Amino acid sequence: FDNSYGKNRFFYETWLKDLDNNTLLISDMVNVSIIIPVYNVEQYIESCLYSVINQTYKGTLECIIVNDCTPDQSMEVVNRLLSVYQGNILFKIMQ
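Since we're looking at a predicted model, the values are computed, not measured.

A. Seen up close, the overall build of the chain. Along the chain, the regular secondary structure elements total 2 helices and 7 strands. Each helix (α) and strand (β) of the chain, taken in turn from the N terminus, gives the series β-β-β-β-β-α-β-α-β. Relative to its 95 residues, the chain shows a buried fraction of 27%. Total accessible area computed for the chain in this model is approximately 6900 Å², and 51% of it derives from carbon and sulfur atoms.

This is the structure we're talking about:
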C-alpha cells in the first residue's frame, strides 16, 4: 500500500484480491472516515446516525459502525435506519 498520496488522506480499501498474485486493489478514495462504536447506546444511536446523515461535508465520506457486542437493541436501530438510507455516505457495519 503506497502512501505517496500524502499523509492527510485516508484510502478506503476494498479487499479485492487477484487470485493469481493475491494483490490488494484500492477502489475508492475516502476523504473522511467516521467510526462509531456501538455498546449500550440504544437511546442515542438514532440521533448519532442522523447527525452523520445530515452533515454538510461535500467530500467522500464513510461511516464505520462497530458492533461491540451490545446487549441492547442498538444494532436493530442501526439496521432499521440504514435499510432506508439512500444517500452518498458509505456505511459499513463491523461485527
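B. Representation of the pairing of strand 5 (residues 32-38) within the structure. Where strand 5 lies against strand 6 (residues 61-67), 7 bridges are found, and the strand directions are parallel. Looking across to strand 6, one finds that Ile36 is bridged to Ile65. Remark: the strand 5/helix 1 (residues 45-53)/strand 6 crossover connection has right-handed handedness.

C. View of the packing of helix 1 against helix 2 (residues 74-84). Interaxial distance between helix 1 and helix 2 falls to 9 Å at its minimum, and their mutual angle equals 35 degrees. Of the two elements, helix 1 crosses helix 2, and the hand of that crossing is right-handed. Here Ile45, Glu46, Leu49 and Tyr50 of helix 1 come into contact with helix 2, specifically with Ser74, Val77, Val78, Arg80 and Leu81.

D. Seen up close, the environment of Val32. Along the chain, Val32 falls in strand 5. When its relative accessible area of 28% is taken as the criterion, Val32 is described as partly exposed. In this structure, the C-alpha to C-alpha distance between Val32 and Tyr57, residues 25 residues apart in sequence, is 9.2 Å. Discounting chain neighbours no more than four positions away, the residues touching Val32 are Tyr57, Thr60, Leu61 and Glu62.

What counts and what doesn't
- Residues numbered from 1 in each chain as written.
- Predicted model: local features only at pLDDT ≥ 70, side-chain atom pairs only at ≥ 80, totals over all residues.
- Heavy atoms only, no water.
- Helix = DSSP H or I, 4+ residues; strand = E, 2+ residues; numbered from the N terminus.
- Buried < 20%, exposed > 50% of the residue type's maximum accessible area, 1.4 Å probe, protein only.
- Areas by Shrake-Rupley, 256 points an atom, 1.4 Å probe, with all protein chains shown as cover.
- Pairing = 2+ DSSP bridges.
- Right-handed = clockwise from strand over helix to strand, strands pointing away.
- Axes fitted to C-alpha atoms, helices over the stretch in contact; angles between N-to-C directions.
- Left-handed = near helix turned anticlockwise from the far one by under 90°.
- Contact = heavy atoms within 4.5 Å.

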